[in-house]
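An overview of the molecular structure
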Amino acid sequence: RLESTSKPVAIEAVEWAGLRCKVKVSGGAGLQVDVRTKPADAGSSVALETKTCDEQGRASVLCDDGAEGQAAMVVILGADESVLAQRHTVVGAKG
């Protein structure tokens, strides 16, 4: 029986500071974070660029100011750019 050595990936927290989305991901060290209007469509990204999670699974992504108030999904991407986890958000949401 084969056992997976990879940890499950889960988004623990999404916080906004203006247009900056701060994300905490369990099992996310080294994975990419993006903010998209359509999770599986890289072309729907509203982030200025994707960011890599640090050793603690944290990343901070800056979004386009034209996207403020839009419904979007925070997505965690694997090495092959497949979506490993996602969470609904509103760009620039307070609280």
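Before going into details, it helps to say that this report is about the structure given with it. None of these values were measured; they are calculated from a predicted model.

**Side note on the overall build of the chain**
The secondary structure content of the chain amounts to zero helices and seven strands. When the helices and strands of the chain are placed in sequence order, the string is β-β-β-β-β-β-β. Against the 2.2 N^0.38 benchmark of 12 Å for 95 residues, the chain shows a C-alpha radius of gyration of 13 Å, consistent with a compact globule. Reported as C-alpha extents along the three principal axes, the dimensions of the chain are approximately 50 × 25 × 20 Å. The proportion of buried residues among the 95 residues of the chain is 36%. Across the chain, every contact between residues at least 6 apart in sequence was considered, and the portion connecting residues at least 24 apart equals 49%. Accessible area of the chain: about 5700 Å², with a carbon and sulfur share of 48%. Put simply, the chain has 11 plus and 13 minus side-chain charges, and the middle of one group is 5 Å from the middle of the other.

**Side note on the sheet that holds strand 2 (residues 20-26)**
An order of 1-2-5 is seen for the three strands of this open sheet, with the pairing classed as antiparallel. The two strands at the open ends of the sheet, each matched to only one other strand, are strand 1 (10-17) and strand 5 (58-62). Direction aside, the axes of adjacent strands within the sheet are offset by 20° on average.

**Let's talk about the environment of Ala29**
The topology assignment puts Ala29 in the loop between strand 2 and strand 3 (32-36). On the accessibility criterion, Ala29 (42% relative accessible area) is partly exposed. Once the C-alpha coordinates of Ala29 and Glu68 are considered, the two residues, 39 residues apart in sequence, prove to be 27 Å apart. The contacts of Ala29, once residues within four sequence positions are left out, are Cys53, Asp54, Glu55 and Gly57.

**Regarding unusual backbone geometry**
Positive phi is not limited to glycine here, since Glu81 has a value of about 70°. Residue placement: Glu81 occurs in the loop between strand 6 (71-77) and strand 7 (83-90).

**Looking at the side chain of Arg36**
With respect to the element layout, Arg36 can be found in strand 3. Among the polar contacts listed, one links the side chain of Arg36 to the backbone oxygen of Pro39, at a separation of 2.7 Å. Setting aside residues no more than four positions away along its own chain, Arg36 makes contact with Asp41, Ala42, Ser44, Ser45, Val46, Ala72, Met73, Val75, Leu77 and Val83.

What counts and what doesn't
Residues numbered from 1 in each chain as written. Predicted model: local features only at pLDDT ≥ 70, side-chain atom pairs only at ≥ 80, totals over all residues. Heavy atoms only, no water. Helix = DSSP H or I, 4+ residues; strand = E, 2+ residues; numbered from the N terminus. Rg over C-alpha atoms; globule rule 2.2 N^0.38 Å. Buried < 20%, exposed > 50% of the residue type's maximum accessible area, 1.4 Å probe, protein only. Contact = heavy atoms within 4.5 Å. Areas by Shrake-Rupley, 256 points an atom, 1.4 Å probe, with all protein chains shown as cover. Lys, Arg positive; Asp, Glu negative; His and termini not counted. Charge placed at Lys NZ, Arg CZ, Asp CG, Glu CD. Pairing = 2+ DSSP bridges. Axes fitted to C-alpha atoms, helices over the stretch in contact; angles between N-to-C directions. Polar contact = N/O pair within 3.5 Å; in protein donor to acceptor, adjacent residues only side chain to side chain.

These values are about where atoms sit, not about what they do.
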